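Below are the chains, spelled out letter by letter.
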Amino acid sequence: MEKKATSNETQLLTSKKDVSGCNEEEDCRENELLIRNPKSALRLVEDGNKVHPSQGDKEEAAPISNGYSGVQSSGPCNGMGGVEDAQCTAPAATTTTTTTTSATCRAEGQQQLMELEDRETWSKKIDFLLSVIGYAVDLGNVWRFPYICYQNGGGAFLIPYTIMAIFGGIPLFYMELALGQYHRNGCISIWRKICPIFKGIGFAICIIDLYVASYYNTIMAWAFYYLVSSFTTELPWTSCTNAWNTGNCTNYFSKDNVSWTLYSISPAEEFYTRQVLQVHRSNGLDDLGGISWQLTLCLLLIFTIVYFSIWKGVKTSGKVVWVTATFPYIILFILLVRGATLPGAWRGVLYYLKPDWQKLLATEVWVDAAAQIFFSLGPGFGVLLAYASYNKFHNNCYQDALVTSTVNCMTSFVSGFVIFTVLGYMAEMRNEDVSEVAKDTGPSLLFITYAEAIANMPASTFFAIIFFLMLLTLGLDSTFAGLEGVITGVLDEFPHVWSKRRELFVLGLIIICFLGSLATLTFGGAYVVKLFEEYATGPAVLTVVFLEAVAVAWFYGITQFCNDVKEMLGFAPGWYWRVCWVAISPIFLLFVTCSFLSNPPELRLFDYNYPYWTTVLGYCIGTSSVICIPIYMVYRSLSMNFSVEKIRIMHCDYSCTVRDESL
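Residues numbered from 1 in each chain as written. Predicted model: local features only at pLDDT ≥ 70, side-chain atom pairs only at ≥ 80, totals over all residues. Heavy atoms only, no water.

The helix and strand tally for the protein stands at 29 helices and 4 strands. Expressed as a percentage of the 663 residues in the protein, the buried residues total 56%. Residue pairs in contact within the protein that sit at least 24 positions apart in sequence constitute 84% of those at least 6 positions apart. Carbon and sulfur atoms form 63% of the exposed surface of the protein, whose accessible area is close to 27500 Å². (Helix = DSSP H or I, 4+ residues; strand = E, 2+ residues; numbered from the N terminus. Buried < 20%, exposed > 50% of the residue type's maximum accessible area, 1.4 Å probe, protein only. Contact = heavy atoms within 4.5 Å. Areas by Shrake-Rupley, 256 points an atom, 1.4 Å probe, with all protein chains shown as cover.)

The subject of this paragraph is the confidence of the model for the protein. In this model, the protein carries a mean pLDDT of 79, and residues with pLDDT of at least 70 account for 77%. In the predicted structure, residues 1-105 sits below a pLDDT of 50 and forms 185 contacts with residues beyond four places in sequence or in another chain. (pLDDT = per-residue confidence, 0-100.)

In contact at an axis separation of 8 Å, helix α11 (residues 200-229) and helix α13 (residues 293-310) are set at 110° when each is read in the N-to-C sense. With respect to α13, the axis of α11 lies roughly perpendicular. Together, Ala213, Asn217, Thr218, Met220, Ala221, Trp222, Phe224 and Tyr225 of α11 and Gln294, Leu295, Cys298, Leu299, Leu301, Ile302 and Phe303 of α13 make up the contact between the two elements. Tallied by class, residues from the contact of α11 with α13 come to 12 nonpolar, 3 polar and no charged. (Axes fitted to C-alpha atoms, helices over the stretch in contact; angles between N-to-C directions. Parallel < 35°, antiparallel > 145°, perpendicular 65-115°, else oblique. Nonpolar A, V, L, I, M, F, W, Y, C, P; charged D, E, K, R; others polar.)

Mapped onto the secondary structure, serine 189 falls in the loop between α9 (158-183) and α10 (191-194). Excluding residues that lie within four positions of it along the chain, serine 189 makes contacts with Asp492 and Glu493.

A few words now on helix α25 (residues 525-536). The terminal C-alpha atoms of α25 lie 15 Å apart, and with 12 residues this matches the ideal 16 Å at 1.5 Å per residue to within 8%. Looking at α25, one finds that the buried residues are Gly525, Ala526, Tyr527, Val528, Val529, Leu531, Phe532, Glu533, Tyr535 and Ala536. On its buried face, α25 is in contact with α8 (139-151), α11, α26 (538-569), β3 (604-605), β4 (608-609) and α28 (612-626). (Expected span 1.5 Å × (residues − 1).)

Here we come to the nonpolar core. Judged by nonpolar contacts, the single largest core of 177 residues is most densely connected at Trp222, Trp237, Phe468 and Phe561. Contacts of tryptophan 222, omitting those with residues within four sequence positions, involve Tyr272, Val276, Leu277, Leu295, Pro443, Phe447, Ala526 and Val529. (Core = buried A, V, L, I, M, F, W, Y, C linked by side-chain atoms within 4.5 Å.)

This is the structure we're talking about:
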């Protein structure tokens, strides 16, 4: 009876109908014996032993129902053609082999079932929502969206932004949440269940996350330095009488009449460049100078907070985000009310939203809209896969995707009012146009322009403290998420090594990230941050998500993916989602990627123009992560060929033995 059952189960997987939307069966599904899907058992645990009919129970015609899954393992069940190819070439030889393999796969399947049942889950649904919102809403929402919006037509920019969100960003966001929740794996091991030959995507994601951690936390170290410096009766960037000031320092808001020249520099800019960054002590990327011990201490404290927030998993980080994800909204509301009451605030709002309809005819505006919504929602960093993998199987991830993406977009929009009401106030005080005040971009918009505006408000110390505390909490959420993407990916891929040693692995990861950040802590560290921000993550993560979308929609199969979603939620995605996943979203990603590569940004920071060789270096950094994908494809192809050759040799040996015995 056991042999008969084994034979029937094996036939299910060896059938050509098993692969939906795949070009090569051995690449798109593990060729292994089938066991009952662990998710069936999970449903019993979650729903009080109440049986839910799976998609496979309803559609008996489906060759592989959602009530089954292949055992993911190594050895005889490694999915490299071992079982199936042996049956095709040596039926007699595999009778014994199949029986042995069946027992091995069944044991491994039971082990996998126990691991999935024991998988950590969020304590409450709100923990998951706050974690995802905290990840999606980061520093870029505060500085990047307002700048891109007024640069690309003001209110008119909201049209391409909304279109790109509806047809590109939100579908990809929903897809990653659904994938992570259904397969309950991190960014590496999940590809064993989707399309194994694309497993290199998971390794590329981990490398990208490490690059981000190496520079993103340095920006938080800058904010922490500002926060500590704010605990004074007079903010240090309000006057020109400090040790770091030069003769060109000119205070806009001094009571004395001052003349502003081409060489004049505000005290806020000198504090940022000469006291915090100390870029005047570096000659550029070819001479970074020494390491700033003040920023090193700030970064060390930040990584200490990060470690004790994520070392125990989502049970602890899910509690921390109750503070780090909600506090920024309280501060944004306070700053919005304060900004709206400042004189000249209306000038900033008008400049922010005044539509320039001619801008919609420019391709660059649509490229910026697509890039902004993509990097704002954040698919492709492994975070959504990791966070969703800790959800309960029947959690409504469709609703979660809509809620969190909407909150993220609205936060970006409101942040624009917070920034531009203050810029309007500065323009009023200087008697200048808003365009002259709003020339700073990126972090400079926060650390120079906004910091200067705060310094000249009543109760400036209070507003400075809460503003930079808000920046810290915004950054911490994103750091929690980025590192959790790596942690979950590695722990799920190597559970036998790290599953019981999470605290030790997280400590090692934090140390690696800290050491990787040392270059950004030098006097020329700001130049390194700019280089990594433009090249290490942009084109690389776009390429990764493009391949991910293609692998899911075209190799794993849109029908199979929609069946998975139906099994979880009770309803299948409609035609809109299917069309977006199959065509619109990949085209959206390809469009943005090609635009990035065809027009590489000309980097300039302060008075430093990046030399040409830095562009080459930047592309090398970006390629170093994406190269994992073709490397793994070659490795897997060679491994499969080796396995087939090994089975052929075994078959020949068996045939010779049978022939000798018959003689």
